[in-house]
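# Coordinate analysis (summary)
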Number of protein chains: 2
Amino acid sequence: MQSALEISGDEELTERQKDVLNAVLRLLVEEGDRLTMTAVARRASCSKETLYKWFGDRDGLLTAMVQWQASKVRVAQVDRSRLDKSSLSASLERYASDWLHVISSDTSIALNRVAIAHAGEEKRNLGAIVLENGRLAMGRRLKPVLLAGRDAGLLEFDDAEQAFRTFFGLVARDVQIRLLLGDRLKPTDAEIGQDAADATRQFLALYGARNGAAKSGL
Amino acid sequence: MQSALEISGDEELTERQKDVLNAVLRLLVEEGDRLTMTAVARRASCSKETLYKWFGDRDGLLTAMVQWQASKVRVAQVDRSRLDKSSLSASLERYASDWLHVISSDTSIALNRVAIAHAGEEKRNLGAIVLENGRLAMGRRLKPVLLAGRDAGLLEFDDAEQAFRTFFGLVARDVQIRLLLGDRLKPTDAEIGQDAADATRQFLALYGARNGAAKSGL
DNA sequence: CGAGAACCGTAACGTACGGTACGGTAGTGG
DNA sequence: CCACTACCGTACCGTACGTTACGGTTCTCG
């Protein structure tokens, strides 16, 4: 048994419940927000009564699924020891590549779509959950790397948040919005690798030390 | 009278019909995709019968509204004569500022939300309409400016599309996705001006001529 | 003025779907 | 064996909302 109103996501979910949430996710990728409770029950081979007992209502089911997925977002951590120019560059490139893979995935697209559709609602704001565990979590993870790079004299910036946002822009560009709007873009692994390398090179050109010409305005 | 299936958007719309679509837009900003035909009729002071006669069905109404709005997206055109470093910079900054204003507006957010929610549907793909008249239209308008800048020896790049996408990333960064997900961000005019100036400066640092260190990878 | 079109306001229809109830089965514990 | 729990499958209920129908008003045109 499980209270219908959990906050943190993955805690206390049984395997069976995760199976159900997986079914929800698959259905969401296929059908978008039009999925029905009946379809979920059939796909997960469970009864609607169970769905309502576990998750409260339709919104609770979607929220649980989004929280559960959000709790799984993990991007490679970087060891901040022995930071030199090439290891910093490699870390940034790794981040960029991971991030591009995430936002290009079917599940991320489906999740962001449903979160955007339900953004700004009073209770159970899916947009806030996805925002917190997507874009904002990325910022929290990358910022220490940027600060370490500055401490090591490899980067120059005043505001780590501004620097991160620039990096974000150079990496993501128009990819996410185009995919969300249904553009058939789907970059290949090779393209993602290339884009990550380009973005990293551009970021270092703008914020790398010994490049006074390109210092950010802030 | 009007066929329910128009393609290009603003043609053949009477003032009264535009009033109705304006009501739809206002309602969409307030309520999102949950707006009902009854609410539209009440807000627009028209009968549901009229709505159905003019627009066919609910989807047709939303499509007409999105097309109509899309047909209104116009960003300042730049005169390509007398292109020098400062006029190019001013043009880019103007573009960046206009674009940030657009994507920060309530109507753009509402429109993109509904388009994303309905993206990838078979018929009447709102995502495609918004994509075509938003991001892609921006690209078509800015590319000639970039090419003119290259012809004038002010910019260096191989692929105008790649250069534009970088500019797009530097300008938009995480603003659009955050707003779509419900983040209270709402940059002020002053912030937009600052961001536009920063993005332009960064873009010129990367792609401006006489800056060999920062050439794009492609 | 009369006929008809265009439209408003509202009542009515049909249905899809969220949510509930209930009977049936398997497992568990005493 | 009995009581109990947890669950499946399905039938069922209530309602919101898309869609249609219709009576009444205004306007145009002859």
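Residues numbered from 1 in each chain as written. Chains lettered and ligands numbered in written order. Predicted model: local features only at pLDDT ≥ 70, side-chain atom pairs only at ≥ 80, totals over all residues. Heavy atoms only, no water.

### Description of the relation of the copies chain A and chain B
Between the two chain copies there is a screw-like relation: a rotation about an axis and a shift along it. Least-squares fitting of chain A to chain B yields an RMSD of 0.1 Å, with the transformation described by 0.0 Å of translation along the axis and a rotation of 180°. Overall, the copies show the geometry of a two-fold rotation axis. Rotation axis and chain A: the residue whose C-alpha lies nearest the axis is glycine 169 of chain A, separated from it by 2.1 Å. Comparing interface residues between copies, 100% of those in chain A also sit at the interface in chain B, which points to an isologous, same-surface contact. (Least-squares fit on C-alpha atoms with pLDDT ≥ 70 in both. Contact = heavy atoms within 4.5 Å.)

### A closer look at the protein's contact with DNA strand D
In the vicinity of DNA strand D there are 16 residues, among which Arg16, Ser47 and Thr50 of chain A together with Lys48 and Glu49 of chain B approach most closely. Among the atoms of DNA strand D lying within 4 Å of the protein, the sugar-phosphate backbone contributes 55%. If one sorts the elements of the surface near DNA strand D by residue count, helix α3 (residues 48-55) of chain A sits on top with 4 residues. Its residues assigned to classes, the surface near DNA strand D comprises 5 nonpolar, 4 polar and 7 charged. (Near = heavy atom within 4 Å. Helix = DSSP H or I, 4+ residues; strand = E, 2+ residues; numbered from the N terminus. Nonpolar A, V, L, I, M, F, W, Y, C, P; charged D, E, K, R; others polar.)

### Structural notes on the protein's contact with DNA strand C
Taken together, 17 residues lie around DNA strand C, and Lys48, Glu49 and Arg58 of chain A together with Arg16 and Thr50 of chain B are the ones closest in. Taking all atoms of DNA strand C within 4 Å of the protein, the share assigned to sugar and phosphate is 56%. Between serine 45 of chain B and DNA strand C, the recorded distance is 3.4 Å, taken from a backbone N or O atom to a phosphate oxygen. With respect to DNA strand C, the backbone of serine 47 of chain B contributes an N or O atom lying 3.2 Å from a phosphate oxygen. For the surface near DNA strand C, the secondary structure elements donating two or more residues are α3 of chain A together with α3 (48-55) of chain B. Looking at which element gives the most residues to the surface near DNA strand C, the answer is α3 of chain B, with 5 residues. For the surface near DNA strand C, the residue count by class is 5 nonpolar, 4 polar and 8 charged. (Polar contact = N/O pair within 3.5 Å; in protein donor to acceptor, adjacent residues only side chain to side chain.)

### Thoughts on the packing of helix α1 (residues 15-31) of chain A against helix α2 (residues 37-44) of chain A
Residue and element names in this part refer to chain A. It is the contact of α1 with α2, at a shortest axis distance of 9 Å, that shows an interaxial angle of 125°. With respect to α2, the element α1 is oriented oblique. Read as a crossing pair, α1 and α2 show a hand that is right-handed. In this structure, α1 contributes Arg16, Val20, Ala23, Val24, Arg26, Leu27 and Glu30 to the contact, and α2 contributes Ala39, Val40, Arg43 and Ala44. (Axes fitted to C-alpha atoms, helices over the stretch in contact; angles between N-to-C directions. Parallel < 35°, antiparallel > 145°, perpendicular 65-115°, else oblique. Left-handed = near helix turned anticlockwise from the far one by under 90°.)

### Remarks on the environment of glutamate 191 of chain B
Residues and elements named next belong to chain B. Locating glutamate 191 in the fold gives a position in helix α11 (residues 189-207). You can call glutamate 191 partly exposed: its relative accessible area is 42%. Residues glutamate 191 and serine 97, spaced 94 residues apart in sequence, show a C-alpha to C-alpha distance of 9.8 Å. Polar side-chain contacts of glutamate 191 include one of 2.9 Å to the backbone nitrogen of threonine 188. (Buried < 20%, exposed > 50% of the residue type's maximum accessible area, 1.4 Å probe, protein only.)

### Topic: the nonpolar core
Counting 142 residues, the largest nonpolar core has Leu146 and Phe203 of chain A together with Leu146 and Phe203 of chain B as the members making the most contacts within it. Contact partners of phenylalanine 203 of chain B, with chain neighbours within four places excluded, come to Leu92, Leu146, Leu155, Ala163, Phe167, Leu170 and Gly208 of chain B. (Core = buried A, V, L, I, M, F, W, Y, C linked by side-chain atoms within 4.5 Å.)

### Here we look at the side chain of threonine 166 of chain B
Relative to the helices and strands, threonine 166 of chain B is located in helix α9 (residues 160-172). Leave out the neighbours within four places in its chain, and threonine 166 of chain B touches Leu170, Arg173 and Gln202 of chain A together with Leu206 and Tyr207 of chain B.

### Observations concerning the interface of chain A and chain B
With 42 residues of chain A at the contact, the number on the chain B side is 42 residues. Counting each side, the surface lost to burial between chain A and chain B is near 3,600 Å², with a carbon and sulfur contribution of 60%. Together, Arg165, Arg173 and Leu181 of chain A form the three largest contributors to the area buried by chain A at its contact with chain B, with a combined 20%. At the junction of chain A with chain B, the criterion picks out 6 salt bridges. Residues arginine 165 of chain A and aspartate 174 of chain B are paired through a salt bridge, measuring 2.9 Å at the closest nitrogen-oxygen approach. The interface formed by chain A and chain B contains 8 residue pairs in polar contact (both at pLDDT 80 or more). Looking at the side of chain A that touches chain B, the elements with two or more residues in it are α6 (106-117), α7 (126-133), α9 (160-172), α10 (175-180) and α11 (189-207) of chain A. Of all the elements, α9 of chain A adds the most residues to the side of chain A that touches chain B, at 7 residues. Considering only residue class, the side of chain A that touches chain B consists of 19 nonpolar, 10 polar and 13 charged. (Buried area = accessible area lost by both parts, 1.4 Å probe. Salt bridge = Lys/Arg side-chain N within 4 Å of Asp/Glu carboxyl O.)

### Considerations on the packing of aromatic side chains
Two measures describe an aromatic ring pair: the distance that separates the ring centres and the angle between the ring planes. Scanning the model with the defined rule gives 10 aromatic pairs over all chains in all. Seen from their ring centres, phenylalanine 167 of chain B and phenylalanine 203 of chain B are 5.1 Å apart, and the 65° between their planes marks the pair as edge-to-face. Linking phenylalanine 167 of chain B in helix α9 with phenylalanine 203 of chain B in helix α11, this pair joins segments that are 36 residues apart in sequence. Its relative accessible area of 3% is what places phenylalanine 167 of chain B among the buried residues. Taking relative accessible area as the criterion, phenylalanine 203 of chain B reaches 0% and is therefore assigned buried. Taken together, the ring pairs in this structure connect Trp99, Phe164 and Phe168 of chain A into an aromatic cluster. Here the guanidinium or amino end of arginine 135 of chain A rests over the ring plane of phenylalanine 168 of chain A, the centre of that ring lying 5.8 Å away. (Phe/Tyr/Trp six-rings, centres within 6.5 Å; stacked < 30°, edge-to-face > 60°. Lys NZ or Arg CZ within 6 Å of the ring centre and 35° of its normal.)

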